[in-house]
Amino acid sequence: MSHVPQSDAAFLPINALLTALLLSAGAAGPLLSAHAQTENAQTTHSQTTDVRSSPTADGIGPKLIEADPEAGFEYSYYLYAPEQKRSSVTVLVEPNTTRLPSDKNDAHLKEAKREIKEALGRHVSDKLGVPIVKPVFPRPVSDPAGWTHSVQKLDRETMQIEDGPLRRVDRQLLSMVEDAQRRLEKAGYSVEEGIMLNGFSSSGVFANRFAALHPEEVISVTAGGVDGMPILPYSKVATRHPVVEGDTYSLGYPVGTVGVDSLTGTAFDRDAFREVRQYLYMGGSDENDALLYPDAYTSTDIRLAALLAYGADVHEDRFPRAKAAYEEIGAEAVFRIYEGARHTPSPAIDDVVEFHRRALSGTPIDSVREALGGNVPEPSRGAELLP
């Protein structure tokens, strides 16, 4: 696939991008984003569950469940479940990631099939003895939507789609989970309400954003490699930057919460979001920066909001500021940096499993932070975020 020539704004250093954003709305064609440049970033090896009780239900799959518009989902999904060795199970969801954009569904099916067998979510599923749902959402070039729709990151452009197969993919995912729960119960599983989410890179971005849109549905989230920019539970940032009129700037979704009500029909529920257990992590040498890639942050206003709220440097500004913002509202979140690691979940594998295990058991969050977090520094300079 040949690339359409890109605008200069897509390649500027991050410290120059702030001004350039006012001159250019972004590039004119698709570009391989930072979240696709580490091949097989989620791949690990599945291990046997450490739950030892006798099975009460046989395992399932991995099995491809075909799209069922009448049941609420226009795309297929994979379902896998180890033998039930618990009195009840909670469904784990791991969004899919396709390395390259494609209008061919087979490309997305192939990647999702590999992930349901090899990726981190499968490892978590086997270790905890819980079922996993893997949607097969597209990463389109032009059909059924243009390349500026980062479906696999649950971006604003995707959430604004009002008709067609990509309408409300967040609701479609919930319908997939409901369908999976019915199938699991029919197979003899006792299924608890609520879901766990896991993702890395693009799927980590999706997981974090989904938790903000539907916090009442989510028990726990593990999301890594999100460029130090998890969604901020705030609506404005105070600013006196010379390129911005006024003393505040709106933080539209997915940087902040402005517009969530128009996208979903329901206002952002800060109290519910505060209670979602979240493990947010990145590598200390992870230099990925989605702001440099126009398929991830297409609109000027959102890219500018991200720079004003998070800052320019991934490690010194963004991740520390995000941690401080979550702490400010009392969120049940743990932030972690893996020193020396690049864009990979490998060093976090055991911690991801343990975080979900402790979330399911109701371990106090302070205890979890002491065991799994604690090494993200305070921001050297911060932005004043407003509710």
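Residues numbered from 1 in each chain as written. Predicted model: local features only at pLDDT ≥ 70, side-chain atom pairs only at ≥ 80, totals over all residues. Heavy atoms only, no water.

Caption draft 1: Quick peek at the packing of helix α9 (residues 300-310) against helix α10 (residues 314-328). One can describe the packing of α9 onto α10 by two numbers: an axis separation of 9 Å at closest approach and a directional angle of 85 degrees. One way to sum up the angle between α9 and α10 is to call them roughly perpendicular. Residues Leu307, Leu308, Ala309 and Tyr310 of α9 form the contact with α10, whose own contacting residues are Asp317, Arg318 and Arg321. Considered class by class, the residues forming the contact of α9 with α10 number four nonpolar, no polar and three charged. (Axes fitted to C-alpha atoms, helices over the stretch in contact; angles between N-to-C directions. Helix = DSSP H or I, 4+ residues; strand = E, 2+ residues; numbered from the N terminus. Parallel < 35°, antiparallel > 145°, perpendicular 65-115°, else oblique. Contact = heavy atoms within 4.5 Å. Nonpolar A, V, L, I, M, F, W, Y, C, P; charged D, E, K, R; others polar.)

Caption draft 2: The sheet that holds strand β11 (residues 385-386), seen in detail. With antiparallel pairing, three strands are arranged side by side in an open sheet as β8-β7-β11. The sheet terminates laterally at β8 (248-250) and β11, the two strands that pair on one side only. Note: strand β7 (residues 236-238) against β8, three bridges, orientation antiparallel. Note that in β8 the partner of Lys236 across the bridge is Ser250. (Pairing = 2+ DSSP bridges.)

Caption draft 3: Highlighting the side chain of His108. Relative to the elements of secondary structure, His108 occurs in helix α2 (residues 105-118). Exposure remark for His108: the relative accessible area of 1% places this residue in the buried category. Those residues in contact with His108 that lie beyond four places of it in its chain are Thr98, Ser102, Val136, Phe137, Pro138, Arg139 and Gln152. (Buried < 20%, exposed > 50% of the residue type's maximum accessible area, 1.4 Å probe, protein only.)

Caption draft 4: Expanded view of the packing of aromatic side chains. Taken as a whole, this structure holds 12 aromatic pairs when the rule is applied. Ring centres of Tyr281 and Tyr338 lie 5.9 Å apart, and the angle between their planes is 90 degrees; on these two criteria the pair is classed as edge-to-face. Of the two residues, Tyr281 is situated in strand β9 (residues 277-283) and Tyr338 in strand β10 (residues 333-338); the sequence distance between them amounts to 57 residues. Both residues of the pair, Tyr281 and Tyr338, belong to the buried class. The structure contains a cluster of three or more aromatic residues connected by ring pairs, namely Phe200, Tyr279, Tyr281, Tyr338 and Phe355. Lying over the aromatic face of Tyr80, Arg122 brings its terminal NZ or CZ to 3.7 Å of the ring centre. Of note, Arg270 hangs over the ring of Tyr234, and the distance from its end group to the ring centre comes to 4.9 Å. (Phe/Tyr/Trp six-rings, centres within 6.5 Å; stacked < 30°, edge-to-face > 60°. Lys NZ or Arg CZ within 6 Å of the ring centre and 35° of its normal.)

Caption draft 5: Broad picture of empty space enclosed by the protein. Within this structure, the stated rule accounts for three cavities of 30 Å³ or more. Its volume calculated, the second largest cavity comes out at about 100 Å³. Lining the second largest cavity are 13 residues; nearest its centre among them are Val205, Arg209, Val226, Met229 and Tyr297. Class assignment of the residues belonging to the lining of the second largest cavity gives a composition of eight nonpolar, two polar and three charged. (1 Å grid on protein atoms, 1.4 Å probe; cavity = no way out; pocket = protein on both sides within 12 Å on 5 of 7 lines; lining within 4 Å. Points joined across faces, edges and corners; volume = space filled by probe spheres on them.)

Caption draft 6: Main features of the sheet that holds strand β3 (residues 89-93). With mixed pairing, the eight strands of this open sheet are ordered in space as β1-β2-β4-β3-β5-β6-β9-β10. Two strands close off the open sheet at either side, each with one partner strand: β1 (60-65) and β10. The sheet shows a mean angle of 15 degrees between the axes of neighbouring strands, direction not considered. Note that β3 and strand β4 (residues 132-135) share two bridges and pair parallel. Considered in β4, the bridge of Leu92 is made with Ile132. In the packing of α10 onto the sheet, contacts are made with β9 and β10, and the angle to β9 comes to roughly 170 degrees.

Caption draft 7: Looking closely at the pairing of β4. Burial along β4 is two-sided: Ile132 and Lys134 facing one way and Val133 and Pro135 facing the other are all buried. Strand direction decides the pairing type here: strand β2 (residues 77-81) and β4, joined by four bridges, are antiparallel. Along β4, the bridge assignment pairs Tyr77 with Pro135.

Caption draft 8: The environment of Ile231, seen in detail. Checked against the element boundaries, Ile231 lands in the loop between β6 (218-224) and β7. Placed 22 residues apart in sequence, Ile231 and Arg209 show a C-alpha to C-alpha distance of 6.3 Å. Once residues lying within four places of it in the same chain are set aside, the contact partners of Ile231 are Asn208, Ala212, Tyr253, Pro254, Val255, Gly256, Phe273, Tyr310 and Tyr326.

Caption draft 9: Expanded view of helix α3 (residues 120-128). Here α3 lies mainly inside the structure; nine of its nine residues are buried. Leu120, Gly121, Arg122, His123, Val124, Ser125, Asp126, Lys127 and Leu128 are the residues of α3 that are buried. Immediately beyond the C-terminal end of α3, within one or two residues, lies Gly129, with a positive phi of roughly 70 degrees.

Caption draft 10: Examining the nonpolar core more closely. Of all hydrophobic cores here, the largest spans 82 residues; its most connected members are Phe210 and Val255. Counting residues per element, this core draws most heavily on α9, at eight residues. If we skip the residues at most four places from it in the chain, Val255 touches Ile231, Leu232, Tyr297, Ile302, Ala305, Ala306, Ala309 and Tyr310. By size, the runner-up hydrophobic cluster in this structure holds 27 residues, among which are Tyr80, Leu92, Val130 and Met196. (Core = buried A, V, L, I, M, F, W, Y, C linked by side-chain atoms within 4.5 Å.)

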